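Given next are the chains, with one letter for each unit.
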Amino acid sequence: MKILIVEDNPDDRKVLKFNLEHHGCEVIEASDGAEGLHLANVKKPDLIVSDALMPVMDGFQFLRAVKTDEVLKDIPFIFYSAVYTGYKEAELAISIAEAFIIKPKDPEDFWEELKSILEECKLKQEKIITAELIEKDEEFLRKYSHIVATKLEEKVRELEKAKATVEAKEQEWQMTFDSIGDCITIHDRDFNMLLANKSCERILGASQNEIRSRKCFELFHGRKEPHEACPKLKTEQTGNLFETEMFEPGLNCWLSITCFPLLDKNGAVRGVVHFAKDITQRKKMEEALVESEAKFRKLSQEFNALLDAIPDNLTLQSPDLKMLWTNNSAAAGLNKKPDELIGAYCYQLWHNKVEPCEPCPVLKSFRSGEPATETVTTPDGKIWEIRTIPIIEAGRVVNVIELGRNITEHRKLEMQYLQAQKMEAVGQLAGGVAHDFNNILTAIIGYGHIALMKMAQDDPLRLNIENMLEGADRAAHLTKDLLLFSRKQVSERKPVDLNKVIRKVEKFLKRVIREDIESKIILQDRPIMALADSHQLEQVLMNFATNACDAMQTGGAFTVTTEQVHLNEDFTESHGYGKPGTYAMITVSDTGKGMDEETRTRIFEPFFTTKEVGKGTGLGLAVVYGIIKQHEGFINVYSEPGKGTTFRIYLPIIAPETRELTREHQEETPSRGTETILLAEDDESVRSLSKTVLAEFGYTVIEAVDGEDAVIKFKENKDIIQLLLFDLIMPKMSGKEAYDEIRKIKPDMKVIFASGYAPDLVLQKASLENGALLIFKPVSPMKLLRMVRSVLDITAK
C-alpha cells in the first residue's frame, strides 16, 4: 500500500515512516500541505495521513483541497495530530475526512487503529462531497476559523513562553560564556569574527565592536592573510577537532588553540569555534623544567664522568660488603665492566678471600660511623691505601663509600726521593766546600807548574814537584767526583757513538781487570748515538770494572753490552722513572758474590761502602749515579747473593746521522803577550799566582781585590787595559756587576770570568750573557794562558 505522510515535524515524520514501512507500506513524505498536495497529484497514493497544524498550508486546507479535487477526492484522508481546542478540530475533520487519530500513539496501536479505519472505509457507502456543498457550508468555515484562531493564540503563548525561556537561557549562556577565562570566538568561513567572550577583550586588548570588525588572523597573528598552519583552516579542511600550541609574536604570549567545526544540516563546515588558552606561564614553567632537567642531566653526566675520570677505585658498598656502584677505574683494574661488579663481594674481587679481611676499613666505618683509613697489600703484591666515608641516614650507617688508591709506585718514588735527598745533602756539602778547596788547589797546581817551568829536566827535585802536582790533580778530581754525584759538575756533552766510547776505554779496562777474570765486550753492530760526555762515561765503566774485580776474588766474567731498546709505559710505570721512548742501554754484569737487598738499596749513597777501611771512598757508584742523572738517563741494578750483579744504564738516543764531534788538543806552549790585563780576585794566593803566571809570559797586570776596586782601577787605566780577568763571585761587588759597570764606560771590553764554586751555584748567583767565557778552578797555568791569548787575538782581529 502506498501512503503519503504530511508532517512538518521531522522526528514525528521519521517515526511514522519507520512504522508504516515496517508493516510493508510504501511511504511518500511531505513537510507541509502544499508539498503534500503536489505529491498526491504526482504519486497518486492509496492513503493520506496528515498533521493538522502545519506551515504554508495546514491540514484542513490540504483536506479541502484534496476533497474538492476530482482526481484525489476518493483517496482516504486520515488526520494524525494533537488536539488544541478539545475535540472540536477532530469533529470538524471527521465531518470531511475519514478519521482523526490523536497524537501521541503507540506505533502498534496506531497501526491497528489505521487498519480498522481502512476496513470501515470499505464497508461505508461512498460519500459524495461536492465543491458547492463545501463552499456553502458556512458552519464548516466558522468552525475552522475558530480552530485556527484558538491554535494561533495557543501558539503565541507557546512562543512567548519559549522566547522568555530562550532569552533566559541566552542570558545564562552569555554570562557563562563571558565568565570563561580563556578566549573563545566564533568565526565564519571568511575568518570574520562573529562572536567573542569578554576574555577576548582582555587578551586582545580590543572592544567587542573592534573584535567583530577584524579578521581572526589580524587580531591573533598580526598577519594580513591566513597562515597555512592556521588551526581554523585545518579544521575546515578536515571537519574535525584540531589542537595546537603556538607563540604569537603580536600578543607576546603562547596560546593553546583548539578549533571545533560548526556544521550545517548537510554536514558542511559553516564556521569554527576558536578556543584560545593563554599558556605562557605554563610554557615558561615547562621551559624552566626542561632547562632544569637538562642542567641536571648535564650535571649528572659531568659528575659521573668526573667519578669515572678519577684514576682511583671508587665504590659504594652495602653493609654486607656487596658492590652497589663502581666507577670505571675500579672495574678496569679487574678487566671488567662496572655492571659486572654489581652484587659481588669486595673481599672476593680484590683479595680472593671467602670472608672479609681484617682489618677492613669499610667494616670499621659501618661499626663506628666514622671515616677510616688502612694500607693493605693485595695478593698480586700491590700496595693500596683505602679510605672510607660512611653515609648516614636517620642516625645509622646505610652505605659506605670506599676510595682505593694504588700507592705501589708512590712508595717506590718515596724510596727514590729519600735516596735523592741523601745524595743532595752530600752534594750541598760538596758544593759548599768546592770554592775554597778549588782556590787552594789553584795555588798549589799553579805554583807547582811555575816551579817545573823554571827547573831543568834533570833536576833531582823535579820528581818531587811532579808527585806534588799528581796529588793535587787527584784532589781536584775528588772535588769533581763530589760534584758529579750531586750533578753540580759541568758536563761537556756532545754527540758520541757509545760503541766507540766503550772500545776506547776497553784497553784501560784490561789493565784494571785481573787475568783470572774473563772480559767480554759485546756491542750492537750499528752506531748508537747519544748526547754524552765521553770522559764521564769512561769513568763510569772504570768504576764498574773496579767494583767487579773486588766482587770476583776467585775469578769470573765481566761483560759489557750495548743495544738500542724501546721502553713502553708498562716498563716506566713499573720501575717508577723515565718516560716511554727509544733508549741506548748499556748492560754491565759480573759473576761475583752479588749482594743482599739491604746493600742493593744503598749502593748509590755517597760514602757507603762494603770494603775495608782504606780500600774505598764510597764515592764510586755515587759518582756513577750523578753522571747518569746529569745525562738525563737512569740506572738500575739486579743482584742476589751468590748470583752476581747486573747494572743497566738507559740513555736517551739522538739521530744516528748526527755527526760525532772531535776536539783537537792544543798541548803546545802558549804564545807570549804584551797587553795589559785587569785582574780582580779576592783570594790573595790565587791573585798572586795569576799575576805571576801572566807576568812570566810578558803581560802587564793591574791587581784589584774585589769588584768595587776593579771599577776604580779601570777608570784610572781605561786607556791601556785590554782584557778583564775577574773572579765571578767576590765581596762588595761581584765580578759580573763590576763588568756591567765597566761596559757602560767601554761597551766592547772583553772579559774572562773564573770561579771555584759549583756550576749550579754560579748560575744562581750570576746570569752570564751569551758569549761570556767562564773557567772553573782549579785551572792550570797553561790552560789559563791559552784562553787569555785566544781572547786577545780575537779582539785584535
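Higher on the page you've got the structure.
These notes cover the structure that comes with them. (Residues numbered from 1 in each chain as written. Predicted model: local features only at pLDDT ≥ 70, side-chain atom pairs only at ≥ 80, totals over all residues. Heavy atoms only, no water.)

### So, the overall build of the protein
Helix and strand content of the protein: 28 helices and 27 strands. Across the 797 residues that make up the protein, the buried fraction comes to 43%. Within the protein, contacts between residues separated by at least 24 positions form 60% of all contacts whose residues are at least 6 apart in sequence. Of the roughly 44300 Å² that the protein leaves accessible, carbon and sulfur atoms contribute 52%. (Helix = DSSP H or I, 4+ residues; strand = E, 2+ residues; numbered from the N terminus. Buried < 20%, exposed > 50% of the residue type's maximum accessible area, 1.4 Å probe, protein only. Contact = heavy atoms within 4.5 Å. Areas by Shrake-Rupley, 256 points an atom, 1.4 Å probe, with all protein chains shown as cover.)

### Notes on the sheet that holds strand 27 (residues 773-776)
A sheet is described by the order of its strands in space; here 5 strands give the open sequence 24-23-25-26-27, paired in parallel fashion. The open sheet has two edge strands with one neighbour each: strand 24 (700-704) and strand 27. Strand-to-strand twist in this sheet, taken as the mean axis angle between neighbours without regard to direction, amounts to 20 degrees. Pairing geometry for strand 23 (residues 676-680) and strand 25 (residues 721-727), over 5 bridges, is parallel. Paired with Leu 679 across the two strands is Leu 725, which belongs to strand 25. Strands strand 23, strand 24 and strand 25 of the sheet are contacted by helix 25 (residues 707-717), whose axis makes an angle of about 140 degrees with strand 24. Sitting on the sheet, helix 26 (residues 735-745) touches strand 25 and strand 26 (751-755), and the angle it makes with strand 25 is about 155 degrees. (Pairing = 2+ DSSP bridges. Axes fitted to C-alpha atoms, helices over the stretch in contact; angles between N-to-C directions.)

### Some points on the state of the cysteines
One pass over the structure, following the stated rule, counts 1 disulfide. For Cys 183, the disulfide goes to Cys 200, at an S-S distance of 2.3 Å. Between Cys 183 and Cys 200, the disulfide has an S-S torsion of 100 degrees and is therefore right-handed. Of this pair, Cys 183 sits in strand 6 (residues 183-188) while Cys 200 sits in helix 8 (residues 198-204), placing them 17 residues apart in sequence. Residue Cys 183 is classed as buried on the basis of its relative accessible area of 0%. No disulfide involves Cys 360; its nearest neighbouring cysteine sulfur is the one of Cys 346, lying 6.2 Å away. (Disulfide = S-S within 2.5 Å.)

### Thoughts on the environment of Ser 207
If you trace the backbone, Ser 207 turns up in the loop between helix 8 and helix 9 (208-212). The exposure class assigned to Ser 207 is partly exposed, which follows from its relative accessible area of 33%.

### What about the nonpolar core?
Counting residues in each nonpolar core, the largest one holds 40 residues, and the members touching the most others are Leu 498, Phe 544, Phe 558, Val 560, Ile 635, Phe 647 and Ile 649. The element contributing the most residues to this core is helix 20 (residues 534-551), with 7 residues. When sequence neighbours within four positions are dropped, the list of residues in contact with Phe 647 reads Phe 544, Ile 586, Thr 587, Val 588, Ile 603, Phe 604, Leu 621, Ile 635, Asn 636 and Val 637. (Core = buried A, V, L, I, M, F, W, Y, C linked by side-chain atoms within 4.5 Å.)

### Observations concerning the pairing of strand 1 (residues 2-6)
Across a regular strand the side chains alternate sides, sitting on one face of the sheet and then on the other. Of all 5 residues in strand 1, 4 are buried; the element is thus mostly enclosed. Where strand 1 and strand 2 (residues 26-30) come together, 5 bridges link them in parallel fashion. Its bridge partner lying in strand 2, Ile 5 is registered against Glu 29. For the segment spanning strand 1, helix 1 (residues 10-22) and strand 2, crossover handedness is right-handed. In the sheet, strand 1 pairs with strand 3 (residues 47-50) via 4 bridges, with the strands oriented parallel. Note on strand 3: the bridge partner recorded for Val 6 is Ser 50. (Right-handed = clockwise from strand over helix to strand, strands pointing away.)

### A look at the packing of aromatic side chains
Tallying each qualifying case throughout the model produces 12 aromatic pairs. Among the aromatic residues, those joined into a cluster by ring pairs are Phe 60, Phe 62, Phe 77, Phe 79 and Phe 100. (Phe/Tyr/Trp six-rings, centres within 6.5 Å; stacked < 30°, edge-to-face > 60°.)

### Focus on the pairing of strand 6
Extensive coverage of strand 6 is indicated by the burial of 6 of its 6 residues. Burial of strand 6 is two-sided: the residues Cys 183, Thr 185 and His 187 facing one way and the residues Ile 184, Ile 186 and Asp 188 facing the other way are all buried. With 6 bridges connecting them, strand 6 and strand 10 (residues 269-278) associate as antiparallel partners. In the strand pairing of strand 10, Ile 184 is matched with Phe 275. In this structure, strand 6 lies alongside strand 7 (residues 193-196), joined through 3 bridges in antiparallel fashion. Bridging across to strand 7, Ile 186 finds its partner in Leu 195.

### Some words on the packing of helix 2 (residues 33-43) against helix 3 (residues 59-67)
For the pair helix 2 and helix 3, interaxial distance at closest approach is 9 Å and the crossing angle is 25 degrees. Taken as axis vectors, helix 2 and helix 3 run roughly parallel relative to one another. You can see that helix 2 and helix 3 cross each other, and the crossing is right-handed. Residues Gly 33, Gly 36 and Leu 37 of helix 2 pack against Phe 62, Ala 65 and Val 66 of helix 3. (Parallel < 35°, antiparallel > 145°, perpendicular 65-115°, else oblique. Left-handed = near helix turned anticlockwise from the far one by under 90°.)

Note that all results are geometric; they support no functional claim without further evidence.
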